[in-house]
Amino acid sequence: MALAALLLVSVAAATTQALCPHEATDLLPWSAAASWDDQAVPSGGDITIDRPILLDVSSAPMGTITITAGGRLVFDATSPTTLTLSANMVELTGGEFWIGSEDCPYTGDAEVLLTGTRDESEGAAGVQKAVLVREGVLEVHGQPKLSWTSLTATVPKTSRQDIAGNAIHSALDSDNLRGNGIFMLEFDSSGNSVRNWRRVTNPSKFAGRKGNVGSIITVVVKERANFGTNFPPSEIAAAFEDLCYDGQRTSALSSMANNELTAFAAICHIGFPENSVEAVGTVSNDRSQTGLLVQRIGDVEFAAMSVVSLVGLQTAHHVEMISYPSGSVPSLERTLTLADPVTSWSAGDRIVLASTDYDHSQSEEFEILQCDTCTENQVKVLGPVWYTHWGEVTDGVEMQAEVGMLTRNVRFHGQMEDSCYGGNQCDIFDYDTFGGQIKMLSNFNAARIENAEFYHMGQQSVLGSYPIHFHMCLDTSEKDVYIRGNSIHHTFSRCLTIHGTHNVTVHDNVAYHHMGHCFFLEDGGEQHNEFVGNLGLGTRAGTLLPTDRVNAVSTFWITNPDNTLINNRAAGSEGMGIWILMPFFPTGPSANVDMGLLESQTLRTLVPAFQGNRAHSNRKFGFRLDDILLDDGTVQPASYKPLVDPSDPRSEPAFLHLDDFVGYKNSEAVWIKSFWTLCTNFRLAENTIGLIFASSQPANPGLHYEMLANSRVVGNTDNKGEPEGNFTLSSGEVVEFDRSLPIIDKRDAQLGVAFYRGPVHVINTSFSGFTSNPLRNAGAISKKPSNPYISSPIASVRNVTFDFADPAEGSRFFDGDGTVFGFEERDGNRHNIVLDVDGSLTTMAGTSIVRPIPMLMNARCVLMPTWGPGAALCPDRFSRLQLSANLIPSFMTRNDLMSSEVETPLAEQQTSYSLNTRESYILHFNTTVPQQFRIAPLGLEQGLQQVVGVGVGVDQAFVVRPNTYTAALSKEEVLADDNNTKYFYDVDAGIVTFRFTHPYPRGESTLAHCPGVLDEDLNGVCGPRVRIVLTASNDDGDCRQRAYPAYQTPPVTAEGALTVPVFQ
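Caption draft 1: Seen up close, the environment of E364. Tracing the backbone shows E364 in strand β23 (residues 364-369). With residues near it in sequence (within four places) discarded, E364 still touches N285, I351, V352, L353, P384, V385, W386, Y387 and H389. A polar contact is formed between the side chain of E364 and the side chain of H389, at a distance of 2.8 Å.

Next comes the structure, spelled out in structure tokens:
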């Protein structure tokens, strides 16, 4: 037994020793000539590695490194200096590439530099500047770092007073700095201003100060290095060097081109060049910025700062030339308090702080400073901080900025040229966008990449060239595959692409500042991939796909519902945060490979898990579930109806549950087009529209609905963002706003939940902060401002609450009409009904909120002017009558109003009418009565009837289907029928009369269009769907002259009429 135990210990020890790949005993050092067949250390060109090699020194710049079967390239973790592998290509054709391992993360500092420019010659390789894994093993394991966390306290932006402090003199406060270019301010030794020399475009301005020994001049670039046109920049720079440094050193000014977008600041002590200093801007956040350059001279500290926007954003330009009493320069250091311990972060690491405003470009990069007083949840950074970054749960909505770690000890990056060249879309980009790439092909054996950094990767001009790319690898469940804990930033084409590949684990990555869709499923055949805990921000438009454009480009572009999204953050884009869409059939190369999918199967596939995700600071949608991906890369609206078995079109509907979503500072936070959907624990704030359900089949009479439950929806909050300032209204009035406004159209009404299609239900949900202002209207609950579609008459609210007094502090509801900006008079707008089941919205249970049009209103209804011109309250219930007749023109009359009022639909997408169940109506055709057509009521229940006549023409022969209907001898016989079995044809008037009823009662939990016995909640199927078939079409469908006054009914009296509610 003792011997066996000893043997086990020996085996365990051997296993432990083998965990670190650089410790393998068969490795041959790269630096030893004897390791190579030609007895020489590679000095360039192409090489093949067919044996175990330890990279113990940095390589020479190589061409293609091919690692074949039996070959293994391993980075030496014991190297005291950075190990750099520099190559045009690293190609695995059966070999292995190791930087650390899962159990032995790399402890040194490593980089893979992918070199070369794009070869566009005939016959050039299709894959360039890449790590290409055709077959073999790619293992990359950097030191673990917390990938990202969030603020727990707001970081306010650096104010003007923060910089000015106790200044002796400030150029911003006292001097004229209009225009752009190189500006100079002269101080005396006491810090007082001698003269503002303004813009320098002549060397003499610098040369003329040479005799002012002891004076201090500050120089900054404002907006751009505009040297003017009269003198070469080199002459102006030479004069500056002579003034500041007595010609003893070269200034960065001498290398600047005219109008270059580079920040520059200098402090020069004339006659004392040893005291002169300068700083050139470093690039971050689309800015070149110097920070606050400070130099003490005597008892005064002089400071200068230059910030130049690289994208022409005027509010991002900043300059300052300022003097302070010694020791009084304000500290621009800020301490960030974070949600998690960040002991794995170090001084010198770079982080990105996400925007918490509408504009995603308010994200900011900082370098971590040494901080001996910080707790384990804090880091210190050096400002200025140009924007406020919210760090609080406000009004029940989590709006804390994410903080992403960009720095890793293992780095992959492309070597970049100074400017755009060749066919790399230089008409669009003035910089090089041909970066590196990592690409796995189908025969790879393992690809595990964690805790590494990727930047200057991706190739915007070459389709299929992405920072990390799985290309047509199909099922990877039997392979070792994950991408986790990485930093992917400043990339030129996407972040991570999963193309024709399944079962990839994508966890805890940070992706920042990239072009095109970021986390990207390409063809729509990709399944069972897992996106958990990833942070994406800074998503910008690209050029590869039509959907890479502004307003569509997405941080998470998920082209097949059969993928998992949990706890991800889409923290800012020029388009959308999370977009789930689907193809009819996989597109591109996936169309020719068996993905196990039938035609339209993705449109029937349930999202397996969507929970804990957040989306904010997106120009268009925070989260969108809709659209079909077409073969040409464009999209069209989808009809997404998940089924229990998506491979069987006849399968039962599946219930889609989306949980725990936060969306704020988007134009529209949530757009979901599905069939049977429950959204719980949604928290939405500061969006133009919080949520719209767009039912994929609103006229389907069966069991389906969309519900928002147990949620929180807020308009304005204390997270005001960057103030809009003055805004000129259409009237010419100028209004000042102390908060930010949405990017797309600042005049659109701010709406919490906009009812659309349906049935839609809002239950157990609270609202706050919906206050109109001179620019835009607001309402916690509303209807979609533009709607040509059918909506359910039983769409409802139940147990909703409001944290404000209506109308003094806000509006519970708002609906406009054609006179209100953004609202339209389309069929869906005029006939959209919202039912207040329990009175929690209107104070009166059973009240319907309707558009105040004659077809719907009667003496019992009341206008709600404080809720907009599109709102009225009626105590009556409504039904919806759908006409299926190929959009043949029709119109409706109400019998008490006779011909005085006519409702004529636009019939853009469908024809349907909302009808007051206390009234009776006649449907007319104003051109042709079709040879056959169908009418179907929605929203009825036991005890609720709808009387409708249909004009078919005088003396017509026809049949009514289903055949359970029989002809009655009189209209009175029909009105007495409770079983939907009778119709009466008035031959002289040309009208067929029906009294539609429904046999089942609606329960408290019935949410479908109609009640029934399909489930314990008494949901059911609406009926009947009546079909009228004539022997031929005719032109006699306008029955008004024949119908009235014979069909006239007395108007409903005002008994039981509503009054305008008073809200507590």
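Caption draft 2: Fine view of the sheet that holds strand β77 (residues 966-967). Across the sheet, seven strands lie side by side as β71-β70-β73-β75-β79-β78-β77; this open sheet has mixed pairing. Two strands in the sheet have a free side with no partner beyond their single neighbour: β71 (902-903) and β77. Examined bridge by bridge, β77 and strand β78 (residues 982-986) share two bridges and lie parallel to one another. Note on β78: the bridge partner recorded for A967 is Y983.

Caption draft 3: Representation of the pairing of strand β7 (residues 110-114) in the model. A large share of β7 lies buried, amounting to five of its five residues. For β7 and strand β28 (residues 410-414), the ladder comprises five bridges, and the chain directions are parallel. Among the inter-strand pairings, A110 is bridged to a residue of β28, identified as V410.

Caption draft 4: Quick peek at the environment of Y640. If you trace the backbone, Y640 turns up in the loop between β47 (635-636) and β48 (656-659). Placed 243 residues apart in sequence, Y640 and L883 show a C-alpha to C-alpha distance of 23 Å. Among the polar contacts listed, one links the side chain of Y640 to the backbone nitrogen of V607, at a separation of 3.4 Å.

Caption draft 5: Representation of the state of the cysteines within the structure. In total, this model carries seven disulfides according to the counting rule given. Each disulfide pairs two cysteine sulfurs, and for C244 the partner residue is C268, the sulfurs being separated by 1.8 Å. Residues C244 and C268 share a disulfide whose torsion about the S-S bond is about 90 degrees; that sign makes it right-handed. Within this pair, whereas C244 is found in helix α5 (residues 233-245), its partner C268 is found in strand β14 (residues 264-269), the two being separated by 24 residues in sequence. Residue pairing for C495: its cysteine sulfur links by disulfide to C518, the two sulfurs lying 2.2 Å apart. Since a negative S-S torsion denotes a left-handed disulfide, the C495-C518 link at about -115 degrees is left-handed. Residue C495 is located in the loop between β33 (487-491) and β34 (496-502), and its partner C518 is located in the loop between β36 (510-515) and β37 (519-521); the two are separated by 23 residues in the primary sequence.

Caption draft 6: Highlighting the nonpolar core. One finds F97, F412 and F470 to be the most contacted residues of the largest nonpolar core, which totals 108 residues. Per element, the largest residue contribution to this core is seven residues, and it comes from strand β6 (residues 83-99). Beyond its immediate sequence surroundings of up to four residues, F470 is in contact with M440, F444, A447, V481, I483, L496, T497, I498, H499, T501 and V504.

Caption draft 7: Quick look at a positive patch on the surface. Together, R934, R961, R1025 and R1027 give the surface a local cluster of positive charge. With respect to the helices and strands, the residue R961 is situated in strand β76 (residues 958-961).

Caption draft 8: Region of interest: the side chain of D76. Topologically, D76 is positioned in the loop between β5 (72-75) and β6. Within the buried set, D76 has no salt-bridge partner at all; the shortest N-O distance to an opposite charge, 13 Å, is to R72. One polar contact links D76 to T78, side chain to side chain, over a distance of 2.7 Å. The residues contacting D76, other than those within four sequence positions of it, are H22, L54, L55, D56, L83 and Y106.

Caption draft 9: A look at unusual backbone geometry. Cis geometry is adopted by the peptide bond preceding P384, which originates at G383 and carries an omega value of 10 degrees. By the secondary structure assignment, P384 is in the loop between β24 (378-382) and β25 (393-394). R961 connects to P962 through a cis peptide bond whose omega is 5 degrees. Mapped onto the elements, P962 comes out in the loop between β76 and β77. Positioned with a positive phi, N764 is a non-glycine residue whose angle comes to about 55 degrees. With respect to the helices, strands and loops of the structure, N764 is situated in the loop between β59 (760-763) and β60 (766-768). Even without a glycine there, the phi angle at L887 is positive, about 60 degrees. Among the structural elements, L887 can be located in the loop between β69 (878-884) and β70 (890-894).

Caption draft 10: The arrangement of the pattern of salt bridges in detail. Counted by the stated rule, this structure contains 51 salt bridges. In this structure, the salt-bridge partner of E365 is R350, at a minimum N-O distance of 3.6 Å. Placement of E365 in strand β23 and of R350 in strand β22 (residues 350-353) is noted, with a sequence separation of 15 residues between them. For E365, a relative accessible area of 7% translates into the label buried. Residue classification places R350 among the partly exposed positions, given a relative accessible area of 27%. What emerges from the salt-bridge pattern is a single network uniting E102, E139, R448, E450 and R484.

Caption draft 11: Local environment of the packing of aromatic side chains. The final tally for this structure, using the stated rule, is 36 aromatic pairs. Between F519 and F531, the ring centres sit 6.3 Å apart and the planes meet at 75 degrees, which makes this aromatic pair edge-to-face. With a gap of twelve residues between them, F519 in strand β37 and F531 in strand β38 (residues 530-532) connect regions that are remote in the sequence. According to the relative accessible area criterion, F519 is buried, its value standing at 0%. Ring plane angle 35 degrees and centroid distance 6.1 Å describe the contact between F610 and F661, whose orientation is recorded as tilted. Here F610 is found in strand β44 (residues 609-611), whereas its partner F661 is found in the loop between β48 and β49 (662-664), with 51 residues between them in sequence. Each member of the pair, F610 as well as F661, carries the same accessibility label: buried.

Scoring rules and cut-offs
- Residues numbered from 1 in each chain as written.
- Predicted model: local features only at pLDDT ≥ 70, side-chain atom pairs only at ≥ 80, totals over all residues.
- Heavy atoms only, no water.
- Helix = DSSP H or I, 4+ residues; strand = E, 2+ residues; numbered from the N terminus.
- Contact = heavy atoms within 4.5 Å.
- Polar contact = N/O pair within 3.5 Å; in protein donor to acceptor, adjacent residues only side chain to side chain.
- Pairing = 2+ DSSP bridges.
- Buried < 20%, exposed > 50% of the residue type's maximum accessible area, 1.4 Å probe, protein only.
- Disulfide = S-S within 2.5 Å.
- Core = buried A, V, L, I, M, F, W, Y, C linked by side-chain atoms within 4.5 Å.
- Patch = residues over 30% accessible without salt bridge, like charges linked within 9 Å, V, L, I, M, F, W, Y side chains within 5 Å.
- Areas by Shrake-Rupley, 256 points an atom, 1.4 Å probe, with all protein chains shown as cover.
- Salt bridge = Lys/Arg side-chain N within 4 Å of Asp/Glu carboxyl O.
- Lys, Arg positive; Asp, Glu negative; His and termini not counted.
- Charge placed at Lys NZ, Arg CZ, Asp CG, Glu CD.
- Phe/Tyr/Trp six-rings, centres within 6.5 Å; stacked < 30°, edge-to-face > 60°.

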